[in-house]
Protein chains: 2
Amino acid sequence: MLMKERRNIAILGSTGSIGRQTLDIMTEYPTLFNPWLLTANSSADLLIEQARKHLPAYVVIAKENLYEKVRDALSDLPICVHSGSEAISQLVTSNEVDTVVTAMVGYSGLESTIAAINANKDIALANKETLVVAGQLITELLKHSHSALYPVDSEHGAFYQCLVGERREDVTKLILTASGGPFRNTPIEQLPYMTAADALKHPNWDMGAKITIDSATMMNKGFEMLEAKWLFGIDHDRIEIVVHPQSIVHSMVEFCDGSVKAQLGLPDMHLPIRYALGLPGKRLVTDSHKMTIDDYCNLTFERPDFEKFPLLTAAYTAARQGGNLACIMNAANEVAVAAFLHDRIHFTQIHDIVAKTMAGVPFIASPSYDDYVATNNEARSYAESLIQ
Amino acid sequence: MLMKERRNIAILGSTGSIGRQTLDIMTEYPTLFNPWLLTANSSADLLIEQARKHLPAYVVIAKENLYEKVRDALSDLPICVHSGSEAISQLVTSNEVDTVVTAMVGYSGLESTIAAINANKDIALANKETLVVAGQLITELLKHSHSALYPVDSEHGAFYQCLVGERREDVTKLILTASGGPFRNTPIEQLPYMTAADALKHPNWDMGAKITIDSATMMNKGFEMLEAKWLFGIDHDRIEIVVHPQSIVHSMVEFCDGSVKAQLGLPDMHLPIRYALGLPGKRLVTDSHKMTIDDYCNLTFERPDFEKFPLLTAAYTAARQGGNLACIMNAANEVAVAAFLHDRIHFTQIHDIVAKTMAGVPFIASPSYDDYVATNNEARSYAESLIQ
């Protein structure tokens, strides 16, 4: 049997930070990958520009009112243009698709990820909220699918690399590193006065606005703890968060014999994206992004401040209680972060809204997909009602 | 077929630092390991004590004039006592032996290691000089043997762990960490005045005298570079030495995609011994030696000073030229270190003697075993002649 020369890649959320960097990798390895499908929520102009450059077979713009704009702009090219989230979920199941990169923001990634799993597609998972919201459901679906889930997050890519060739039963602890975000050294009493502009100044990583705010509250690290729990089947009480301001050690694994393995690299998302796209088993050769001793000459580690960053505690609570609680937490967080970005609430109100919504929306121990959809809607409404 | 309950372990050099710690592991896992053979060079009292406690089937005291003392002291126990290095080389080939731990000091480890390889025994290699002196020959012998060579050195155990599950062709660099030894912060002009007592104060590791002096000159790190070259088939120009004073990161591997993996742990030799004895594929569970964030809160890395530690350059020269040059270097170093420990020479004369011996003893490009034996003798005589 001949090996297919190039893998067809569906990039869901190609106009976001991860999506753009995934397209960089497509350009870097043109003999390995073909960007077959590009999708965007509302960034029509960039989607058009990407499509003209990369010539995918399909593009989808989720917002239906932008459909004609995109279609007309690409009418001289052999590219099929669709719109709506339904089209995305259908296209990822195509026989033509080899790997789906899920790089959408937030809850919106869930439906198409489930479609991809049901169609036995390999998934490079950048949309961590999928596992945060519905880890239990996704884990169940994966048992009956030939899909492999490859993490794109730098931390989970690090866990994956440290676990290669190891027996899962030998793992005693995952040590999840966190930069600490822009407010690591900000006194707790000043946090209420921090603006969106302050919060968007991330010290190490160049990321989208949503995840940068989640980094400032450390909600992002709570999400990653939940993501790790589901990806690697390790309980939350064996996942330790450690603040590492240099973002060079991307995470570590402790084994039963006291040995710890770590994965290091420059804080650049091209690295974990490249690793995820090479899986299973193939590292993609590059001369860029090599680390020198000057990059890692001084590495520090400290305990996180749960009092200052109470969303960390919220995440552990959601992990311990399970059910739809993480879905509630995520929905309230999405609403609160959007409100903070629009200067509608103070920084510390993000946690207040999340905590009140987690307490106010009914708990469901074993939610179905429909329960997640209903919970997400209900939690969003509840959170919105808390914002004046 | 029934799995044998316990593996019979031959500990060559049981009275040295590694040998004693290997016996600790035997005591920790009595259902896994049986210390079948203990050997010592001249430490008869400790050998007797160990034999009375661990009840091996055989003990060998290498120095023949101590034979009667050991035999008489153990005459009430069912332990066979032999003497002489010939007896060691014969006993390691016994059908009863499963794994040979080579923990002797220096060149003396070569003969019995070769015997163990020819008898298809698995080897936990703590005697790095074996590979330093005769890496080319050992590598050739391993091709025709069922032996596996498992490193006991913490650095090489780290490489091994980082390489598990990875493709060898993906490796671009081994990053060998060094504590820097007791003279890392000593000005170069003060080195000639350093005494054996100064050099024996190693900041992190509790080791024997020979290796502690080798650590002070960084000859030990040069040896480890050569050991890594032969163990992992990586050329010297892809092995980088990095000074890491905390001795927490035991070494690192860089891959072709820019990713680096590291292995961390407390600076305690029980850890790499336990790992080596568990190979292949089994990590031995322990509650001791767990690292906490306080152990790794600040990790620093710096370039080594080749001017201050010229034996590093000597080791790279030996690696580049191959043949019997590393054997010459090792023999001269053994003689010079012994002379330094007896206050016969100054600290910086260790390098002078090694350099002059490397220049003075004839080079052989493809030495046989007999050539190594002759080279070792010749280099020792040459080095001795340089000492007044």
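If you're wondering where the values come from, they're calculated on a predicted model, not measured in any experiment. (Residues numbered from 1 in each chain as written. Chains lettered and ligands numbered in written order. Predicted model: local features only at pLDDT ≥ 70, side-chain atom pairs only at ≥ 80, totals over all residues. Heavy atoms only, no water.)

A. Focus on the domain arrangement of chain A. Residues and elements named next belong to chain A. Annotation of chain A at the domain level lists domain 1 (7-147), domain 2 (153-319) and domain 3 (322-388). On the domain 3 side, the residues contacting the 24 residues of domain 2 number 18 residues. Taking both partners together, domain 2 and domain 3 bury about 1600 Å²; carbon and sulfur atoms supply 79% of that area. In this structure, the connection of domain 2 to domain 3 is made through 0 salt bridges. The tally of links from domain 2 across to domain 3 stands at 2 residue pairs in polar contact (both at pLDDT 80 or more). For the side of domain 2 that touches domain 3, the secondary structure elements donating two or more residues are α8 (196-199), α9 (209-217), α10 (219-232) and α12 (311-321). (Domains from an automatic or database assignment. Contact = heavy atoms within 4.5 Å. Buried area = accessible area lost by both parts, 1.4 Å probe. Salt bridge = Lys/Arg side-chain N within 4 Å of Asp/Glu carboxyl O. Polar contact = N/O pair within 3.5 Å; in protein donor to acceptor, adjacent residues only side chain to side chain. Helix = DSSP H or I, 4+ residues; strand = E, 2+ residues; numbered from the N terminus.)

B. Focus on the environment of A:R6. All names here are of chain A. By the element assignment, R6 lies in the segment before β1 (7-12). Each C-alpha atom, one on R6 and one on Y296, is 36 Å from the other, the two residues being 290 residues apart in sequence. Within the structure, the side chain of R6 is placed 3.1 Å from the backbone oxygen of P30, a separation counted as a polar contact.

C. Representation of the interface of chain B and chain A in the model. On the chain A side, the residues contacting the 44 residues of chain B number 44 residues. Between chain B and chain A, the buried area comes to about 3800 Å², and carbon and sulfur atoms account for 50% of it. It is B:D257, B:R283 and B:I293 in chain B that bury the most area against chain A; as a group they hold 19% of the surface buried on that side. The interface formed by chain B and chain A holds 8 salt bridges in total. Close ionic contact of A:R283 with B:D257 constitutes a salt bridge, the shortest N to O distance being 3.0 Å. On inspection of chain B and its partner chain A, the count reaches 20 residue pairs in polar contact (both at pLDDT 80 or more). Looking at the side of chain B that touches chain A, the elements that each hand over two or more residues are α7 (154-163), β8 (171-178), β10 (249-255), β11 (260-264), α11 (270-278) and β12 (298-300) of chain B. By residue number, the principal contributor to the side of chain B that touches chain A is β11(B), which donates 5 residues. Counted by class, the side of chain B that touches chain A contains 20 nonpolar, 11 polar and 13 charged residues. (Nonpolar A, V, L, I, M, F, W, Y, C, P; charged D, E, K, R; others polar.)

D. View of helix α2 (residues 44-54) of chain A. Residue and element names in this part refer to chain A. Turning to α2, its buried residues number three or more, namely A44, L47, I48, Q50, A51 and H54. Down the axis, α2 shows its buried residues gathered within 165° of arc, on one side only. Away from the buried face of α2 by more than 90 degrees, exposed residues D45, E49 and K53 are located. Structurally, α2 contributes buried residues whose contacts are with α1 (17-28), β2 (33-40), β3 (58-61) and α3 (67-73). Note on α2: the residue one or two positions beyond its end, L55, has a positive phi of about 50°. (Buried < 20%, exposed > 50% of the residue type's maximum accessible area, 1.4 Å probe, protein only. Arc of directions from axis to C-beta.)

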